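# Notes for the structure review
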2 protein chains.
Amino acid sequence: MDRIESLELNIPATAKLRVVIIGGGFGGMKLAEKLSCKDFQLVMFDKHNYHTFQPLLYQVASAGLEPDSIAGPLRQIFASKEDFHFRLLKVTSVNPDANTISTVAGDLAYDYLILANGVKVNYFGNESVKAHSFPLKTIPNALNLRSQLMQMFERANMSNRPDEVDTMLDIVLVGGGPIGVEMAGALVELRKHVLPNDFPELDFTKMSIHLIEGSDRLLAAMSAKAGARALSDLQKMGVNVRLNTMFDSYDGTVARLKSGEEIRTKTLIWSAGVTGDLLAGLKPDMVERGRILTDENCKVKGSPNIYAIGDVAMMKTDKYPKGHPGVAQPAIQMGAYLGKHLKDFHLGKTVAPFKYFNKGDLAAIGRGKAVADLPGNIQFGGRLAWYIWLFIHIAYLVSFRNRLLVFSSWVWNFFTYDKGNRLIIRSFVRDDDPVGKALLQLNETD
Amino acid sequence: MDRIESLELNIPATAKLRVVIIGGGFGGMKLAEKLSCKDFQLVMFDKHNYHTFQPLLYQVASAGLEPDSIAGPLRQIFASKEDFHFRLLKVTSVNPDANTISTVAGDLAYDYLILANGVKVNYFGNESVKAHSFPLKTIPNALNLRSQLMQMFERANMSNRPDEVDTMLDIVLVGGGPIGVEMAGALVELRKHVLPNDFPELDFTKMSIHLIEGSDRLLAAMSAKAGARALSDLQKMGVNVRLNTMFDSYDGTVARLKSGEEIRTKTLIWSAGVTGDLLAGLKPDMVERGRILTDENCKVKGSPNIYAIGDVAMMKTDKYPKGHPGVAQPAIQMGAYLGKHLKDFHLGKTVAPFKYFNKGDLAAIGRGKAVADLPGNIQFGGRLAWYIWLFIHIAYLVSFRNRLLVFSSWVWNFFTYDKGNRLIIRSFVRDDDPVGKALLQLNETD
């Protein structure tokens, strides 16, 4: 995109070292928290003005939580930092030779550049999926999906085509990782406890929830035991889990599998893959399979002053020959490591390599149901795992306010079996849905 | 709009009397609550799937509350009613002779029709204002305004044109009623307690807040004392209140007054008037000055079976020769009255006319500042009025969940001086803002 003449980055000149951090996710946020503004001037870029607690996005999409429960305004988080500068702007390219980044508001020179901009949804070049499916990576994604679900139920209630009703109620999730598993579970809760009260005229026993996974198991990043437990729990809850099933295409109504089988749905949730959000200007040898290669100090291959942390980084180690898992913990730990040692690196000190301590993995499946892999090869599922899941997610939320809001929403949802957040506050209609467009125009005019 | 072939209203046939209620605001909601489904089948239409507690919309716009704190899903509110049917759909016309209403999903016959669809923003035919200003009647309106404010501050921080910075920070409110007064006060709180921490590089002492009113006083629906107190409070808080000032036009940057004076602003909040949301098909003699004429039983003039309640209705009485004030109380009381007596009307009984009991009027001006007119000619302002305002607004919220959320947000905001909800979750850019469009496209792609 072209330079916009009326804009300027307006970052004050400084005698300190300037650290540019791209991304206010788990890694970038922890890094900015740890770096001292006595040593560095910090400049953070993000496309949203808030940090998103991504592990709970599926609860925003399924009407269990409001966005402000899981998001924290980045300016507020760093309000006490003296020389911290936030810009709500996408960085369009990196220029490693010139030590600058480019934006539509101009270029900025850096002493150190930290790539912490995470991953984006990978559609594997499948344009039909990109055009019609619902991803679940951002808060706008989650609100769009929530609106889609609620709008489809309202529409199903007003349809005179019985075959269309099924298409509007049924949901297909592609990808059996944490998003697919947790969202499928949340949809079962909605189907069981909420929707029959809201729409007594619709028969939700006919609502199918399909979870499609290409490999032979769920939750590939967790233990085999966790995957098997998630599978049996979801099946008992009535999710139609299809393993070893390759997905082909989706036109907004018909999802086609490689086998030729078709599933009709107006709502296809895509969580089958992610790929690093790679900026233009990175050198080809910095990148491998969509991620940025770093050494064990988080330093990008071939660069003296660019670092990469979190999902976007690929640090190959003996234990993680393909890089670390794309979850919050490695990002947080890399952010903390780099925050602690960036000054040492600048001073030329030798620093022990980054070591990931896996505190464990958790996935919620439904009310009272979760799976846990804890350090020491402890693997279990059920109610205890669910309590641990609840506790850990509350504990890792970014602010006390977030923790309070999520805790009270969960207490409320637990005792009432209700989800209060099923408001269509961000109406969303896909381009391929003329009836939806007509209704939206009608209802939103005036 | 044309009939959409694939849709049908799907309201079950019934031997009971069918009551169609248009609008789930204060009046329609109270009416539906009171009417018994033993006597009547209830069908409610609304353009949103939730009831909005309009008196607190300005707090959503000013980042003090989230939408779910002040909205309640209509299906949930009436989940226990056996023969209640909600349709998320605009009614396009009324056919009094045929006793039907029309929608894009088909027509519906009624035995009784209740017009409770309230008012819409009145731009008095001024297309320039309609195209560029921000109204504040709905939750999408409030979120758009919040996004606009936050985006403008981010943009001001990146501007290289000092004159544009003022245009982005300054705000003009047109209309000195409760929305204008309460929103002006909330903007002062933001300017004082929140924005300087968030944007240390911007000088908010230069941010002007203009409140423009055509008449010679604020809060025309309240006592002269309340209006004078609101004026002096706002002036002390640094709001530039301009009484007796006629507004002329607005092009998205320049607000022009009738005097020829110009005020530059990117954000003009329009609350200068409302007019009844009149459906096509109403007979000319049913309408007077944009509202629907009713007798003192809420029955629409010239119709045996159409009633109108709330803002959209004009019931002329000795005490209220121009109809009742357009606030929540008359709507609630009319809804309760009609809910109690509709069966009596049907049976041909004589019913005492509706009598409005004015419980008082309140408006909040800022932290610890409000004005109150209570029955018995008691008029006062200050901290006590503010406590009463807080209490009444909590008490009248639609659900226990809403009350809990608003109460905890207010406690939080009071002690921290903070407003946590300044997330841009529904980005909004006006058509007249190419730079905003470019930035939005850049940040929202992928």
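Residues numbered from 1 in each chain as written. Chains lettered and ligands numbered in written order. Predicted model: local features only at pLDDT ≥ 70, side-chain atom pairs only at ≥ 80, totals over all residues. Heavy atoms only, no water.

### Concerning the side chain of His-48 of chain B
Residues and elements named next belong to chain B. How we decide: A run of DSSP states H or I qualifies as a helix once it reaches four residues; a run of E qualifies as a strand once it reaches two. Both are numbered from the N-terminal end. Each residue is assigned to one of three classes by its accessible area relative to the maximum for its type, calculated with a 1.4 Å probe on protein chains only: buried under 20%, partly exposed between the two thresholds, exposed over 50%. Note on contacts: a residue pair qualifies if any of its non-hydrogen atoms lie within 4.5 Å across the two residues.
Within the secondary structure, His-48 is located in the loop between strand E2 (40-46) and strand E3 (50-52). For His-48, a relative accessible area of 17% puts it in the buried group. Sequence-distant contacts of His-48, defined by excluding residues within four places in its chain, comprise Leu-74, Phe-86, Leu-88, Thr-138 and Pro-140.

### Observations concerning the pairing of strand E24 (residues 369-374) of chain B
Residues and elements named next belong to chain B. Applied cut-off: In this scheme, strands are said to pair when DSSP sees at least two bridges between them.
Looking at chain direction, strand E23 (residues 361-366) and E24 are connected through five bridges and run antiparallel. Residue pairing across strands places Leu-362 opposite Ala-372, the latter belonging to E24. Hairpin connection from E23 to E24: two residues lie between these consecutive antiparallel strands, with Gly-368 at a positive phi of about 75°.

### Notes on the interface of chain A and chain B
When the parts come together, some accessible area is lost, and that loss is often what is quoted as the size of the interface. Heads up, the condition is: Accessible surface is computed with a 1.4 Å probe, and the buried area is the amount of it that two parts give up when combined, taken over both parts together. Salt-bridge detection follows one rule: a side-chain nitrogen of Lys or Arg within 4 Å of a carboxyl oxygen of Asp or Glu. Pairing of N or O atoms within 3.5 Å defines a polar contact, subject to two protein rules: one partner must be a possible hydrogen donor and the other a possible acceptor, and residues neighboring in sequence count only if both atoms are side-chain atoms. Classification convention: Asp, Glu, Lys, Arg as charged; Ala, Val, Leu, Ile, Met, Phe, Trp, Tyr, Cys, Pro as nonpolar; all other residues, Gly among them, as polar.
With 66 residues of chain A at the contact, the number on the chain B side is 67 residues. When chain A packs against chain B, the two sides together hide about 6,500 Å² of surface, and 55% of this comes from carbon and sulfur. There are four salt bridges connecting chain A and chain B. The shortest N-O distance in the salt bridge between Glu-201 of chain B and Arg-87 of chain A comes to 3.3 Å. In this structure, the connection of chain A to chain B is made through 26 residue pairs in polar contact (both at pLDDT 80 or more). Mapped by element, the contributors of at least two residues to the side of chain A that touches chain B are helix H3 (67-70), strand E4 (71-73), helix H4 (74-77), strand E5 (84-88), helix H6 (139-157), helix H8 (178-198), helix H12 (400-416) and helix H13 (434-444) of chain A. Looking at the side of chain A that touches chain B, the element that brings in the most residues is H13 of chain A, giving seven residues. Within the side of chain A that touches chain B, the residues separate by chemical class into 28 nonpolar, 17 polar and 21 charged.

### Focus on the nonpolar core
Let me state the cut-off plainly: The nonpolar core is taken to be a set of buried Ala, Val, Leu, Ile, Met, Phe, Trp, Tyr and Cys residues, with the residues joined through side-chain atoms within 4.5 Å.
One finds Leu-56, Met-183 and Leu-234 of chain A together with Leu-56, Met-183 and Leu-234 of chain B to be the most contacted residues of the largest nonpolar core, which totals 209 residues. If we skip the residues at most four places from it in the chain, Met-183 of chain A touches Tyr-58, Ala-61, Ser-62, Leu-136, Leu-145, Leu-149, Leu-173, Pro-178 and Ile-269 of chain A.

### Focus on the relation of the copies chain A and chain B
What counts here: Our superposition of the copies is a least-squares fit, built on the C-alpha atoms of residues whose pLDDT is at least 70 in both.
Note on the copies: chain A fits chain B at an RMSD of 0.0 Å, the axial shift is 0.0 Å, and the rotation between them is 180°. Each copy turns onto its partner about a two-fold axis. Residue Arg-426 of chain A, judged by its C-alpha, is the member of chain A lying nearest the rotation axis, at 3.4 Å. Counting the interface residues of chain A, we find that 100% of their copies in chain B are interface residues as well, pointing to one common contact surface.

### Regarding the sheet that holds strand E16 (residues 262-264) of chain B
Residues and elements named next belong to chain B. This is how the line gets drawn: The angle between two axes is taken between their N-to-C directions and runs from 0 to 180 degrees, where each axis is a line fitted to C-alpha atoms and a helix contributes only its stretch in contact.
Judged by pairing direction, the sheet is antiparallel, and its three strands sit side by side in the order E14-E15-E16 without closing on themselves. The open sheet has two free edges, formed respectively by strand E14 (247-250) and E16, since each of these has just one partner strand. When the angles between neighbouring strand axes are averaged without regard to direction, this sheet yields 20°. Here three bridges tie strand E15 (residues 254-257) to E16, and the two strands are oriented antiparallel to one another. Within the sheet, the bridge partner assigned to Val-254 lies in E16 and is Arg-264.

### Notes on the packing of aromatic side chains
The cut-off we apply is this: Within 6.5 Å between ring centres, the rings of Phe, Tyr and Trp (the latter by its six-membered ring) count as paired, and their orientation is classed by plane angle as stacked under 30 degrees, edge-to-face over 60, tilted in between. A ring is scored as having a charge over it whenever the NZ atom of a lysine or the CZ atom of an arginine sits within 6 Å of its centre and within 35 degrees of its normal.
Tallied over the entire structure, the rule returns 36 aromatic pairs over all chains. Relative to Phe-345 of chain B, the ring of Tyr-307 of chain B has its centre 5.6 Å away and its plane inclined at 20°; by these criteria the two rings are stacked. Of this pair, Tyr-307 of chain B sits in strand E21 (residues 306-308) while Phe-345 of chain B sits in helix H10 (residues 328-346), placing them 38 residues apart in sequence. This pair shows no difference in class: Tyr-307 of chain B is buried, exactly as Phe-345 of chain B is. Among the aromatic residues, those joined into a ring-pair cluster are Tyr-112, Tyr-307, Tyr-337, Phe-345 and Phe-354 of chain A. The residue whose ring lies beneath Arg-367 of chain A is Phe-414 of chain A, and the NZ or CZ to ring-centre distance is 4.3 Å.

### A word on the sheet that holds strand E13 (residues 240-242) of chain B
Residue and element names in this part refer to chain B. Spatial ordering of the open sheet is given by E13-E12-E11-E17, a layout of four strands whose pairing is parallel. On the outer flanks of this sheet lie E13 and strand E17 (267-270), each paired with one strand and no other. Between one strand axis and the next, the sheet turns by 15° as a mean value, whatever way the strands run. Pairing of strand E12 (residues 209-212) with E13, which is carried by three bridges, proceeds in the parallel orientation. By the bridge assignment, Leu-211 is partnered in E13 with Val-241.

Spatial relationships are all this shows, so hold off on functional conclusions.
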